[in-house]
Amino acid sequence: MKELCPLCDTKSDIFYQNTQSYFRCPHCDGIFVAREDLPDHTQEKQRYELHDSNTEDAGYRNFVAPITENIMRDFSKESKGLDFGAGTSVIISCVLHENDYNIANYDPYFHNHKELLEQKYDYISSCEVIEHFYNPKKEFALLERMLEVGGKLYLMTDIYNDTKDFASWYYKNDPTHVFLYSPKTFKFIQQKYGFKSLVIQKRLIMLSK
């Protein structure tokens, strides 16, 4: 049984089976859930509504700090930003607004302002979002298109490598985590979409245009 990788369209073999079946791409190294096992939109939205939404929680703020601190280091308050997949809490824009930064929120379920997707940005954040991409090829093309030349994409996700036992890896247990990445996957994304540089620091991935 094979399926096409939703990032690079390469035929991929089954990698792991439990409550969901996972394929691993031999080209970009992405790991993805079988099409027949993808949650529907109602299930997906219900899962997201369970996420922490307390923007005053110090632990939550510390969790997103790799993104917020790097944005404040790399860009001025006048720079234009977008939080892509902002969720119910909009924690990243909340922290940045407190520091007088100019950032808007987009989320297909909770902040579906599609006009924002027609604009250009100096920086885009996407925290614990990209693992939810059903069509990563389409989504990364959109993210690249929305970035100004010289702009920067800040991503956070847990990254898989072969030192981890996939069967016991907690990150795959969320049924909405349908596309999982390795360092090789991000190198493929950098090359495919023409990003000038790639930096990976634990869960933080930074791509510069």
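Just so it is clear, the model here is predicted, and its values are computed rather than measured.

What follows is about the packing of aromatic side chains. Under the counting rule described, the total for this entry stands at 22 aromatic pairs. Centroid distance Phe 133 to Phe 140: 5.6 Å. Interplanar angle 80°. Geometry classified as edge-to-face. Of the two residues, Phe 133 and Phe 140, neither departs from the other in class, the shared state being buried. Aromatic side chains Phe 166 and Trp 169 sit 6.0 Å apart centroid to centroid with 50° between the ring planes, which places their arrangement in the tilted category. Pair check on accessibility: Phe 166 and Trp 169 agree, each one buried. Each residue in the set Phe 23, Phe 32, Phe 84, Tyr 106, Phe 133, Phe 140, Phe 179, Tyr 181, Phe 186 and Tyr 193 is aromatic and connected to the rest through ring pairs, giving one cluster. Sitting over the face of the ring of Tyr 121, Lys 80 holds its NZ or CZ atom 5.1 Å from the ring centroid. Between the NZ or CZ atom of Lys 192 and the centre of the ring of Tyr 193, over which it lies, the distance is 5.6 Å.

Phe 84, Ile 124, Phe 140, Met 146 and Ile 189 are the most contacted members of the largest nonpolar core, which has 35 residues in total. With residues up to four places along the chain from it excluded, the contact list for Phe 84 reads Tyr 106, Leu 117, Ile 124, Ser 125, Ser 126, Val 129, Phe 133, Glu 139, Leu 142, Leu 143 and Met 146.

Attention now goes to unusual backbone geometry. Even without glycine at this site, Asp 9 takes up a positive phi of about 65°. Residue class for Asp 9 comes out partly exposed when judged on its relative accessible area of 41%. In this model, Glu 128 sits at a positive phi of 55°, which is unusual for a non-glycine residue. Positionally, Glu 128 belongs in the loop between strand S7 (121-127) and helix H4 (136-146). Judged by its relative accessible area of 17%, Glu 128 falls in the buried class.

Cut-offs applied
Residue positions are given per chain, counting from 1 as you read along its sequence in written order. Owing to the predicted nature of the model, reporting of local features is limited to residues with pLDDT of at least 70; listing and counting of side-chain atom pairs is limited to 80 or more, with chain, interface and lining totals taken over all residues. The side-chain figures draw on all heavy atoms in the structure; neither hydrogens nor water molecules are used. A pair of aromatic rings is counted whenever rings of Phe, Tyr or Trp (Trp by its six-membered ring) have centres within 6.5 Å, and the orientation is called stacked for planes under 30 degrees apart, edge-to-face for over 60 and tilted otherwise. Partly exposed describes any residue whose relative accessible area lies between the buried limit of under 20% and the exposed limit of over 50%, with all areas from a 1.4 Å probe on protein chains only and scaled to the type maximum. Here, a charge over a ring means that NZ of Lys or CZ of Arg falls within 6 Å of the ring centre while also lying within 35 degrees of the ring normal. Side-chain atoms within 4.5 Å link the members of a nonpolar core, which is a set of buried Ala, Val, Leu, Ile, Met, Phe, Trp, Tyr and Cys residues. In what follows, residue pairs with any heavy atoms lying within 4.5 Å of each other are defined as contacts. For helices the rule is a DSSP run of H or I covering at least 4 residues; for strands it is a run of E covering at least 2, with both sets numbered from the N terminus onward.

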